[in-house]
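The chain contents come next:
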Amino acid sequence: MPYTADEAPRLTDRTALLRNRARALGADAPALFLQEAAIDEVQYRLSLVNRTFTDMAIVTGFSDLWQAAFPNARIVADEEVLDLQVEAHDLVLHAMALHWANDPVGQLIQCRRALRPDGFFLSVGFGGQTLAELRAALAEAEVEQAGGLSPRILPMAEIRDLGALLQRAGLALPVADTLPLDVSYQTAFHLMRDLRAMGEANALHARLRRPTRPGVLRRAAEIYHDHHADADRRIHATYELIFLTGWAPDASQPQPKRPGSATMRLAEALNTQETKLPD
């Protein structure tokens, strides 16, 4: 039975997410190095695009950081309904927020509608391999200590699924690629402290609304160290940045040939001998 708009399951508790971000930005030493790494990579990728963009919009939950990197861009909060006008921009960037969206397809469709014909879309966010080590350690510890599992880490999408969303959103020439980052920490507790300081602590709608038992966290830290410590006794955490790019459809873009319209065989084009497969 399909859900209505009011009944659709929610992944993210928006109030908790905003509270986590505000706490991170108000901290003495926020851990925003992943946001900064994403900014560096986005700037590099845009430098490779043979186009001058004049009307850029950035969808983000960290407005000051991205505004400083792109001072001429219009900053848009990553709400369910984005404050974007139809065909108002030649570049829309969805910056480190898509993984928290209750409706990622809807976010991409809104971004595509905000693009002029042949406008460029670029998204960067966390992918499915992010914090795989912590997720496994917490799951094992909670089963062992509490006899069950509870939602603790955001279930982020894999690259193949995110790539498919580009086509569902109606973007042309879609491309998805990944950038894995390996970060070491003294202990799992230092990692969890960093997640809190970067505004990426648990904001799942279905999360436990009571503190985690200390025994679960201690056991998770032990499991993490046993499986992922290096020779210096530091643990390693994987962060996967997934980049999505696409273009608003336009008649000037390359179009696929109609099936059956080829004028030569592939073997002729490659200047090679065609060999039949054995029966």
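Fair warning: this is a prediction, and the values are worked out from it, not measured in the lab.

Reading guide: rules and limits
- Residues numbered from 1 in each chain as written.
- Predicted model: local features only at pLDDT ≥ 70, side-chain atom pairs only at ≥ 80, totals over all residues.
- Heavy atoms only, no water.
- Helix = DSSP H or I, 4+ residues; strand = E, 2+ residues; numbered from the N terminus.
- Buried < 20%, exposed > 50% of the residue type's maximum accessible area, 1.4 Å probe, protein only.
- Contact = heavy atoms within 4.5 Å.
- Areas by Shrake-Rupley, 256 points an atom, 1.4 Å probe, with all protein chains shown as cover.
- Polar contact = N/O pair within 3.5 Å; in protein donor to acceptor, adjacent residues only side chain to side chain.
- Core = buried A, V, L, I, M, F, W, Y, C linked by side-chain atoms within 4.5 Å.
- Salt bridge = Lys/Arg side-chain N within 4 Å of Asp/Glu carboxyl O.
- pLDDT = per-residue confidence, 0-100.
- Pairing = 2+ DSSP bridges.
- Axes fitted to C-alpha atoms, helices over the stretch in contact; angles between N-to-C directions.
- Parallel < 35°, antiparallel > 145°, perpendicular 65-115°, else oblique.
- Left-handed = near helix turned anticlockwise from the far one by under 90°.
- Expected span 1.5 Å × (residues − 1).
- Nonpolar A, V, L, I, M, F, W, Y, C, P; charged D, E, K, R; others polar.

Asker: Whenever I open this one, the overall build of the chain confuses me. Can you help?
Answerer: Along the chain, the regular secondary structure elements total 9 helices and 6 strands. Across the 279 residues in the chain, those meeting the buried criterion constitute 42%. Taking the contacts inside the chain whose residues are at least 6 apart along the sequence as the reference set, 81% of them involve residues at least 24 apart. Counting every atom, the chain has about 15,800 Å² of accessible surface; 53% of that belongs to carbon and sulfur.

Asker: It is not clear to me how helix 7 (residues 188-197) should be interpreted in this structure. Could you clarify?
Answerer: Each α-helix turn comprises 3.6 residues. Residues three or four places apart therefore point the same way. By the burial criterion, the buried members of helix 7 are A188, L191, D194, L195 and A197. Summarising the contacts, the buried residues of helix 7 are in contact with helix 1 (14-25), helix 2 (33-47), helix 5 (132-146), strand 5 (172-185), helix 8 (214-228) and strand 6 (235-247). The N-cap residue of helix 7 is T187: its side-chain oxygen and the backbone nitrogen of F189 are 3.2 Å apart. Of the residues one or two after helix 7, G199 is the one with positive phi, at around 75°.

Asker: Explain the nonpolar core here, please?
Answerer: Generally speaking, nonpolar side chains in soluble globular proteins are found buried as a group. Judged by nonpolar contacts, the single largest core of 53 residues is most densely connected at V42, W66, F70, L93, L191 and Y239. With residues up to four places along the chain from it excluded, the contact list for W66 reads Q35, A38, I39, V42, I58, T60, I75, L93, A95, M96 and V124.

Asker: Sorry if this is basic, but what is going on with the pattern of salt bridges here?
Answerer: Applying the stated criterion to the full structure yields 11 salt bridges. With its nearest N and O atoms 2.9 Å apart, the salt bridge here joins D78 to R21. A residue pair is termed long-range when its members are at least 10 positions apart, and D78 in the loop between strand 2 (74-77) and strand 3 (89-95) and R21 in helix 1 qualify at 57 residues. Look at R21 and you get buried, because its relative accessible area is 4%. For R51, the salt bridge is made with D118, and the minimal N-O distance between the two is 2.9 Å. With a gap of 67 residues between them, R51 in the loop between helix 2 and strand 1 (56-60) and D118 in strand 4 (residues 115-126) connect regions that are remote in the sequence.

Asker: It is not clear to me how the confidence of the model for the chain should be interpreted in this structure. Could you clarify?
Answerer: Atomic detail in the predicted coordinates should be set aside for any region of low pLDDT. The predicted model of the chain averages 88 in pLDDT, with 88% of residues at 70 or higher. Every residue in residues 1-7 is under pLDDT 50, and counting partners more than four places away or in other chains gives 2 contacts.

Asker: What exactly am I supposed to notice about the sheet that holds strand 4 here?
Answerer: The pairing of strands in a sheet happens through backbone hydrogen bonds and is either parallel or antiparallel. As summarised here, the arrangement of the 6 strands in space is 2-1-3-4-6-5, forming an open sheet in which the pairing is mixed. Both edges of this open sheet fall to strand 2 and strand 5, since each of them pairs with a single strand only. The average angle at which neighbouring strand axes cross in this sheet is 15°, direction not considered. Across 12 bridges, the pairing between strand 5 and strand 6 is antiparallel. Bridge pairing in strand 6 places A176 opposite L244.

Asker: Would you take a moment to explain the packing of helix 5 against helix 8 for this structure?
Answerer: Between two packed helices, what matters for the description is the angle formed by their axes and the separation of those axes. Between helix 5 and helix 8, the shortest axis-to-axis distance is 8 Å and the interhelical angle comes to 130°. Here helix 8 runs oblique to helix 5, going by the angle between their axes. Both helix 5 and helix 8 take part in a crossing whose hand is right-handed. Contacts between helix 5 and helix 8 involve E133, L134, A137, L138, E140, A141, E142, E144 and Q145 from the first element and G215, V216, L217, R219, A220, I223, Y224, H227 and H228 from the second.

Asker: Whenever I open this one, the environment of L179 confuses me. Can you help?
Answerer: Note on placement: L179 falls in strand 5. Counting along the chain gives 55 residues from L179 to V124, while the straight-line C-alpha distance between them is 9.9 Å. Setting aside residues up to four positions removed in sequence, L179 forms contacts with E41, Y239, E240, L241 and F243.

Asker: What should I look at first to understand helix 8 in this one?
Answerer: The end-to-end C-alpha separation of helix 8 is 21 Å, in line with the 21 Å expected for 15 residues at 1.5 Å each. Where helix 8 is buried, its residues contact helix 5, helix 7 and strand 6.

Asker: For this particular structure, what's the right way to read the packing of helix 4 (residues 104-113) against helix 6 (residues 159-168)?
Answerer: Relative to each other, helix 4 and helix 6 sit at 45°, their axes nearing to 9 Å. As far as their axial angle goes, helix 6 and helix 4 are oblique. When the axes of helix 4 and helix 6 are compared, the crossing they make is right-handed. Two secondary-structure elements touch here, helix 4 through P104, V105 and L108 and helix 6 through L165, L166 and R168. For the contact of helix 4 with helix 6, the residue count by class is 5 nonpolar, no polar and 1 charged.

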